[in-house]
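# Commentary on secondary and tertiary structure
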Amino acid sequence: QVQVVESGGGSVQPGGSLKLSCTASGVNFPLASTSWYRQAPGKQRDLVAHHTWAGTIKYLDSVKGRFTISRDNARNTVYLQMNNLTPDDTAVYYCKVIFNQDYWGQGTQVTVSS
């Protein structure tokens, strides 16, 4: 049984930082690709960052230079370091692990507000 669990969300002021974590079990994580998505109220779910098992990384244009995706295969974990957060980054952030099929986490809320 595959489980994907995110953590690390919360509330921060503009300019602040958060680091999200996503741990997967039940998959061969080193051979899985991983993504972070976000969905704000009333909006579609957007791809924020993607890290393939081979090491290719892509970012949403609006987060380039502020967000960093990284992985620790020994811990079956993918991270999203988010710096210089703005209110536009407010959303529920979801982790997706891709190994033969897509596996989603339950999401973690990130709120950026003064």
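Presented here is an overview of the structure given in this document. (Residues numbered from 1 in each chain as written. Predicted model: local features only at pLDDT ≥ 70, side-chain atom pairs only at ≥ 80, totals over all residues. Heavy atoms only, no water.)

## A word on the packing of aromatic side chains
A complete count under the given rule lists two aromatic pairs for this structure. Ring-pair connections join several aromatic residues into one group, and the members of that group are Tyr37, Tyr94 and Trp104. (Phe/Tyr/Trp six-rings, centres within 6.5 Å; stacked < 30°, edge-to-face > 60°.)

## Notes on the pattern of salt bridges
Going through the model one piece at a time under the given rule, you end up with five salt bridges. A salt bridge links Arg66 to Asp89, with the shortest nitrogen-to-oxygen separation between them at 2.8 Å. Taken together, the positions of Arg66 in the loop between β6 (57–59) and β7 (67–72) and Asp89 in the loop between β8 (77–82) and β9 (91–99) put the pair 23 residues apart, joining distant regions of the chain. An identical accessibility class is assigned to Arg66 and Asp89; each is buried. For the salt bridge of Lys96 with Asp102, the shortest nitrogen-to-oxygen distance reads 3.6 Å. (Salt bridge = Lys/Arg side-chain N within 4 Å of Asp/Glu carboxyl O. Helix = DSSP H or I, 4+ residues; strand = E, 2+ residues; numbered from the N terminus. Buried < 20%, exposed > 50% of the residue type's maximum accessible area, 1.4 Å probe, protein only.)

## A look at the state of the cysteines
Summed over the entire model, instances satisfying the criterion amount to one disulfide. Between the sulfur atoms of Cys22 and its disulfide mate Cys95 the distance is 2.1 Å. Residues Cys22 and Cys95 share a disulfide whose torsion about the S-S bond is about -75°; that sign makes it left-handed. Taken as a pair, Cys22 in strand β3 (residues 18–25) and Cys95 in strand β9 lie far apart in primary sequence, 73 residues in all. Overall, Cys22 belongs to the buried group, its relative accessible area being 0%. For Cys95, a relative accessible area of 0% gives the class buried. (Disulfide = S-S within 2.5 Å.)

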